There are 8 protein chains.
Amino acid sequence: MSKPYVRLDKTQAAVLLVDHQAGLLSLVRDIEPDKFKNNVLALADLAKYFKLPTILTTSFESGPNGPLVPELKDLFPDAPYIARPGNINAWDNEDFVKAVKATGKKQLIIAGVVTEVCVAFPALSALEEGFDVFVVADASGTFNEVTRDAAWRRMEAAGAQMMTWFGVACELHRDWRNDIEGLAALFSNHIPDYRNLITAYSTLTSKK
Amino acid sequence: MSKPYVRLDKTQAAVLLVDHQAGLLSLVRDIEPDKFKNNVLALADLAKYFKLPTILTTSFESGPNGPLVPELKDLFPDAPYIARPGNINAWDNEDFVKAVKATGKKQLIIAGVVTEVCVAFPALSALEEGFDVFVVADASGTFNEVTRDAAWRRMEAAGAQMMTWFGVACELHRDWRNDIEGLAALFSNHIPDYRNLITAYSTLTSKK
Amino acid sequence: MSKPYVRLDKTQAAVLLVDHQAGLLSLVRDIEPDKFKNNVLALADLAKYFKLPTILTTSFESGPNGPLVPELKDLFPDAPYIARPGNINAWDNEDFVKAVKATGKKQLIIAGVVTEVCVAFPALSALEEGFDVFVVADASGTFNEVTRDAAWRRMEAAGAQMMTWFGVACELHRDWRNDIEGLAALFSNHIPDYRNLITAYSTLTSKK
Amino acid sequence: MSKPYVRLDKTQAAVLLVDHQAGLLSLVRDIEPDKFKNNVLALADLAKYFKLPTILTTSFESGPNGPLVPELKDLFPDAPYIARPGNINAWDNEDFVKAVKATGKKQLIIAGVVTEVCVAFPALSALEEGFDVFVVADASGTFNEVTRDAAWRRMEAAGAQMMTWFGVACELHRDWRNDIEGLAALFSNHIPDYRNLITAYSTLTSKK
Amino acid sequence: MSKPYVRLDKTQAAVLLVDHQAGLLSLVRDIEPDKFKNNVLALADLAKYFKLPTILTTSFESGPNGPLVPELKDLFPDAPYIARPGNINAWDNEDFVKAVKATGKKQLIIAGVVTEVCVAFPALSALEEGFDVFVVADASGTFNEVTRDAAWRRMEAAGAQMMTWFGVACELHRDWRNDIEGLAALFSNHIPDYRNLITAYSTLTSKK
Amino acid sequence: MSKPYVRLDKTQAAVLLVDHQAGLLSLVRDIEPDKFKNNVLALADLAKYFKLPTILTTSFESGPNGPLVPELKDLFPDAPYIARPGNINAWDNEDFVKAVKATGKKQLIIAGVVTEVCVAFPALSALEEGFDVFVVADASGTFNEVTRDAAWRRMEAAGAQMMTWFGVACELHRDWRNDIEGLAALFSNHIPDYRNLITAYSTLTSKK
Amino acid sequence: MSKPYVRLDKTQAAVLLVDHQAGLLSLVRDIEPDKFKNNVLALADLAKYFKLPTILTTSFESGPNGPLVPELKDLFPDAPYIARPGNINAWDNEDFVKAVKATGKKQLIIAGVVTEVCVAFPALSALEEGFDVFVVADASGTFNEVTRDAAWRRMEAAGAQMMTWFGVACELHRDWRNDIEGLAALFSNHIPDYRNLITAYSTLTSKK
Amino acid sequence: MSKPYVRLDKTQAAVLLVDHQAGLLSLVRDIEPDKFKNNVLALADLAKYFKLPTILTTSFESGPNGPLVPELKDLFPDAPYIARPGNINAWDNEDFVKAVKATGKKQLIIAGVVTEVCVAFPALSALEEGFDVFVVADASGTFNEVTRDAAWRRMEAAGAQMMTWFGVACELHRDWRNDIEGLAALFSNHIPDYRNLITAYSTLTSKK
């Protein structure tokens, strides 16, 4: 086993957030809503924190699928925003692919709703074109566990790497010493157990 | 079946938040951390919103149980705060009982960590003294489902009413017309699915 | 143990369908959507089949809660339909209570969304006024299992009888001989396993 | 707490097996089929072993509900067998009630398919007439956990005692010394883990 | 990773529905019956909608396995229908293979009951002959999760792509603009949450 | 609601450990073995710590049920030990009842294997004789969740209080100040999360 | 995808039953005992039915692991029986490998207890020597789901095919017409739902 | 399938225990705490028992992550202990890699907290450098099942072998005759069911 470890690198990575729309989110039932909301915002926050180029896209947002959730719009006011008029696979949309290629990055971090369509289709297309694809599994959601499992397997078989927002953050950061407070703030805002560790630690050490 | 329906009334109710401490929270495993954090803060927000007298208490907070989570301290800076030096049942602490009785309220809304001790013990004591007790089940946490079930059954058998933060908010509010925006904001901040309904609705109606 | 068995009787029963609205349904996560839709329609169909007076009500339907699902409107075009302007507990609405009392029935079969509010509040109020209350547990939905459990326990403690649509249908029908085809059609339309039994049975017996 | 413990007594008890029919069994999904089959046969075997009067009944067995499973017919060739022409609640059938009363027993052990109808209805009727009712929960099955929970709660609230076949066997037997081999055989045939204990024990002790 | 993405194409695909028979369906316990029925009919409806050549086959349908469910017969009155006299693997039946090859399609979309036999065997045979195989995981059912997992792994290891009916529909449709109403109708009929989005959307926009 | 709160009191309580035998333990499947072992030993340790009179009993231990687990024998070398020759309900054994009564305690804390027999039977008998019964739910085990639920409901209906070892310890101790180190040691030995809190706390405070 | 489909063939296959011992079976907790017992016996019955050479082996059976379960000994009185004196991996035992090779078969069907050791080790060794290995997943058991998953993945990565007893039976039989009664009897004895189909079918057709 | 079986060999293997720290352990929620503690200590005990070179490492242990759990420090007082000042991937720390290489072993057995970071990152790095990597799945923990699954799949795709502590012990030991008492003691201390088998066995055989 000696093929090189394809490791996320903050100078090489871009983030694609696909179809986190107010209507479509009501379809997500393989992950509890409070947890899912937290995971999506954690991914967005880390994209911001690591200054990764980020691309937003939506499907048919003037219809029942609904608008992009406002939190994402607010976090990335200047990001490319491709409201696809009809293409289901975002990679079928020329503007989207142009925006991706304009980042000049080879590593694509993808999350979206629903997993087997909005995530899997562009992931498979990007792999075919030679990109390294990292799926953020816990910031992607779908109808149920059976649907999720099938989607994961199809992407994996094609070479996608399955990750989670926490793993992505850690692999990008590499070393706590690069910025202890920044990473700790990210974790504190999105991992209640970690926030508690920090609270207890700070209280005890500030007493000294 | 004709005994009167004991219904929460915002002029009659007080809120007791028992031992939501940074250390003790690591023991809670019957409910997922993101959801639990949200539920506790939702209960705190509704106490604030309905201007219910609220009492904070902690157990042995200078030791491993850790400090009260800062969000609760910040939300209720002027609330009675009883840091119990050792009593496990908050009701065994005279200051706590005095603070409860000083509210002049007969309906006690209780939540805490862990359910079978920090919630159940004062709930049973308060019932014995003739209070109406409403346990906020989803803002209380413990080791596992077996532990939770045993705790619920003991409290119920003694006459406690099992509720959740959403039910408490609705029973206190009575009528949307009392304040549509206020209640909608509470739900939007703590129920992602409800926030999505509001986002989709606002987007469509603002286009008109 | 000798208190009388309070048994559903088709001459004594009315059905209350509370807040099955397009928006609120996205909050239901304690029961899978295909199953829940089927259960609600099965209850509606049985109400129709047994000619039970049925009352429809909605909460604030011009806002994000959304309209009543069209299937229910279509099934009961002439039923009393109380679009509550703001009361959360349907029993706080005079028109609703009048409509209930106008049926002249003493047995109330209730289902709705969400269980701990839209079902539990009117159930508790009706019990207080001396009605016999039968909650259709599987045609009522809410946020999660913890919420559901708390709601069931509160209603039960007040004297509500927990049932399901199938139990309601069977207790009302009493004897297959009253109408074999009608009951079989109801089951065939709403229980896939039962439909398969009928398919296999019919195929074999028609060959004779 | 000093009301008498209503304890199963082999001289006072009869067994009612309700609607374990080949068709209806396909509806049972709250318990895995291999386990359910084992539990029903275990209950039948213990009825036989303790020589309890046993009554078989079926609902509309010439139709899609299908015939009684042959194992039960074979085990109780001389038992009263009431093929109800249409009554859903077995207690509405005069022949069934006569057969029950003819046993002269006051303790009724009931199991059947499906729990909320075929078990709950006669259980509630029998309780109303003053019988002591013991529901064998694990030899009764229904559509899903929600349905089962609702059924258990309704029966319990009316005074039924929830048991399982193992508890029934132990409460009837009272003392191993009454017949060690008989009880051990019953357990060995229906509890794989117990059979393994016996196998290991016998192998070791027979070597001595 | 640069092997081409094998993507469903409506001009290249055929659908094989294997052994959805009234008797065999009682064996399916890895997926809830209401959901499973919906998924199978959704797959059938999409086959119809995209005008994909569809082939029906059954195993030994005059015996206990029972007849094909009538809904499928009714939807595809003119489809090749191969009632296999005994072959367990449909691919062992010459008429079936001829029918498949007569479609001239290279992409086979397969679903059936039970997954590890009626789906897996022809899937493995078709892969061996060079077809691209897409398994519709949620329209295929079997005894339990262990059985399902083993079946999925065997097919995947041989090169089958795991999908679900929703993913199949989306990958075939490519672009909403090809027919907005048609796709929306398919989703509305088979995804209750999506129907609710459409209901809420239509109500609000029709008011304008 | 004003009946007195029956509260565990270390001067009034005795512990009954029923049938924790090496063979019978292989039947326990409603709780994971590592957790169950920990809970039983935690209960034993707290009995020791609070110096509660403790009674050991076994059923037919020379046969396949096997010997009492050695840890319990070692912890209570001088406790009454009743190896019942055959009585299934320990309360049917005169020596056992004598030993219980000889403690002079009115509050009985019971745990054992299996829950619906070895715990439930003596619990029901003791309640009938006027004892207060506290069942330690998580130090009692049985075949599966259905069996456990039925057992809990039967005991509860008869007036038993459902508790867990942690709740028992806390209710007996009343106040941390009675012995901080003793209680902390009990928790540290049996709650890994609590041990971690202590480890982190001690490390930080010892650095000061 | 054109590698040949490695298909079970009754002239090429042998069955290896590894360490189904009375003691070791108490370790199996990833599958319910009634179901597991049924699956193991179903595999044994099919080995018998298809006259596959079968090899029995045990590990250290004079110690706590205990004797082979008597049912297997009784079914295969003349099969090679290798009581390994100490080798954990059966393939490390020369007699076992000799017995396997003496069958002259290239396809090995393996099941045992516990999955990650007694099944995985010989499976990996046999694959290394060029055998085709078919693991009967549901007749193999282990400590929990995490353990099972890890074991499956390791075997799969090495090329083992994951199957279940039902899939094995169907792939070996090929065509119902080879022996309808024999296969039906096998299914009837080990699949309660299938037995019910046969019962219902026979009852209806025998009436003609 | 003829690639060689890469089998653990006690002369070739080293153990890496990564970040089992008092703070980080509060993040582990995919495995119950009592079971997880047992698994980690079982792995440590087997490392000791087989005299495998063992390396301890921690991440930022003076901060909220907290100190290494004292049990591990006590078991390996002389092991290389690399308290990483900031590197998240242990393999990025030169001292750690030096310590690994100094063992001269090619087979690395890795466990840690959390799985997708502290285990996966060094596992991927070690695989890239040509080591054989064996992940001890049940002595590694993380936030939830989704996170765990993604981590397992990424490591597996890169060539890691998934194992459990029991499998590791068995594969290293090879033959019970190498040391019956030693292996039995390891199992008895960490597998309650196995301890019970030994207790029952010893009791019966010592009576002879």
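Remember, it's a predicted structure, so these values are computed and weren't measured experimentally. (Residues numbered from 1 in each chain as written. Chains lettered and ligands numbered in written order. Predicted model: local features only at pLDDT ≥ 70, side-chain atom pairs only at ≥ 80, totals over all residues. Heavy atoms only, no water.)

1. Details of the overall build of chain A
For step 1, the next point in the chain: Each helix and strand counted, chain A has eight helices and six strands in total.
For step 2, the next point in the chain: Going from N to C terminus, chain A has its helices and strands arranged as β-α-β-α-β-α-β-α-β-α-β-α-α-α.
For step 3, the next point in the chain: Taking 2.2 N^0.38 as the reference for a compact globule, 208 residues should give roughly 17 Å; the C-alpha atoms of chain A span a radius of gyration of 17 Å, in line with that estimate.
For step 4, the next point in the chain: With respect to the principal axes defined by its C-alpha atoms, chain A has extents near 60 × 45 × 35 Å.
For step 5, the next point in the chain: Within chain A, the fraction of its 208 residues that count as buried is 69%.
For step 6, the next point in the chain: In the structure as shown, chain A presents an accessible area of about 6,500 Å², 52% of it carried by carbon and sulfur atoms.
For step 7, the next point in the chain: Positive and negative charge centroids in chain A, built from 22 and 26 side chains respectively, lie 5 Å apart. (Helix = DSSP H or I, 4+ residues; strand = E, 2+ residues; numbered from the N terminus. Rg over C-alpha atoms; globule rule 2.2 N^0.38 Å. Buried < 20%, exposed > 50% of the residue type's maximum accessible area, 1.4 Å probe, protein only. Areas by Shrake-Rupley, 256 points an atom, 1.4 Å probe, with all protein chains shown as cover. Lys, Arg positive; Asp, Glu negative; His and termini not counted. Charge placed at Lys NZ, Arg CZ, Asp CG, Glu CD.)

2. Observations concerning the domain arrangement of chain A
All names here are of chain A.
For step 1, the next point in the chain: By the assigned domains, chain A splits into domain 1 (13-174) and domain 2 (179-207).
For step 2, the next point in the chain: With eleven residues of domain 1 at the interface, the matching set in domain 2 holds eight residues.
For step 3, the next point in the chain: At the boundary of domain 1 with domain 2, total buried surface from both sides reaches about 820 Å², with 71% on carbon and sulfur atoms.
For step 4, the next point in the chain: Its largest share of buried area at the contact with domain 2, domain 1 owes to Tyr49, Trp165 and His173, together 49% of the area lost on that side.
For step 5, the next point in the chain: Taken together, the links from domain 1 to domain 2 amount to zero salt bridges.
For step 6, the next point in the chain: Our count for the contact surface shared by domain 1 and domain 2 stands at four residue pairs in polar contact (both at pLDDT 80 or more).
For step 7, the next point in the chain: When residues of the side of domain 1 that touches domain 2 are traced back to their parent elements, those giving at least two are helix 1 (33-49) and helix 6 (165-173).
For step 8, the next point in the chain: Among the elements that line the side of domain 1 that touches domain 2, the one with the most residues is helix 1, at six residues.
For step 9, the next point in the chain: Partitioning the side of domain 1 that touches domain 2 into residue classes produces eight nonpolar, two polar and one charged. (Domains from an automatic or database assignment. Contact = heavy atoms within 4.5 Å. Buried area = accessible area lost by both parts, 1.4 Å probe. Salt bridge = Lys/Arg side-chain N within 4 Å of Asp/Glu carboxyl O. Polar contact = N/O pair within 3.5 Å; in protein donor to acceptor, adjacent residues only side chain to side chain. Nonpolar A, V, L, I, M, F, W, Y, C, P; charged D, E, K, R; others polar.)

3. Concerning the relation of the copies chain B and chain C
For step 1, the next point in the chain: Expressed as a screw operation, the relation of chain B to chain C combines 0.0 Å of axial shift with a rotation of 90°, fitting to an RMSD of 0.0 Å. Both chain copies can therefore be described as sitting about a four-fold axis.
For step 2, the next point in the chain: A share of only 3% of interface residues in chain B that are also interface residues in chain C marks the association as one of differing surfaces. (Least-squares fit on C-alpha atoms with pLDDT ≥ 70 in both.)

4. Notes on the relation of the copies chain F and chain H
One copy of the chain maps onto the second through a rotation about an axis and a displacement along it.
For step 1, the next point in the chain: The two copies are related by a screw motion: chain F maps onto chain H through a turn of 180° and a shift of 0.0 Å along the axis, at an RMSD of 0.0 Å. Classification of the inter-copy transformation places it as that of a two-fold axis.
For step 2, the next point in the chain: Looking at chain F, 100% of its interface residues are interface residues in chain H too, so the copies touch through the same face.

5. Some points on the packing of helix 5 (residues 145-157) of chain E against helix 5 (residues 145-157) of chain G
A pair of packed helices is captured by two measures, namely the crossing angle of their axes and the spacing between those axes.
For step 1, the next point in the chain: Remark: helix 5 of chain E packs on helix 5 of chain G, axes separated minimally by 12 Å, with the N-to-C direction vectors making an angle of 20°. When the axes of helix 5 of chain E and helix 5 of chain G are compared, the pair comes out roughly parallel. Note on packing geometry: the crossing formed by helix 5 of chain E with helix 5 of chain G is right-handed. Contacts from E:Val146, E:Asp149, E:Ala150 and E:Arg153 in helix 5 of chain E reach G:Arg148, G:Trp152, G:Arg153 and G:Glu156 in helix 5 of chain G. (Axes fitted to C-alpha atoms, helices over the stretch in contact; angles between N-to-C directions. Parallel < 35°, antiparallel > 145°, perpendicular 65-115°, else oblique. Left-handed = near helix turned anticlockwise from the far one by under 90°.)

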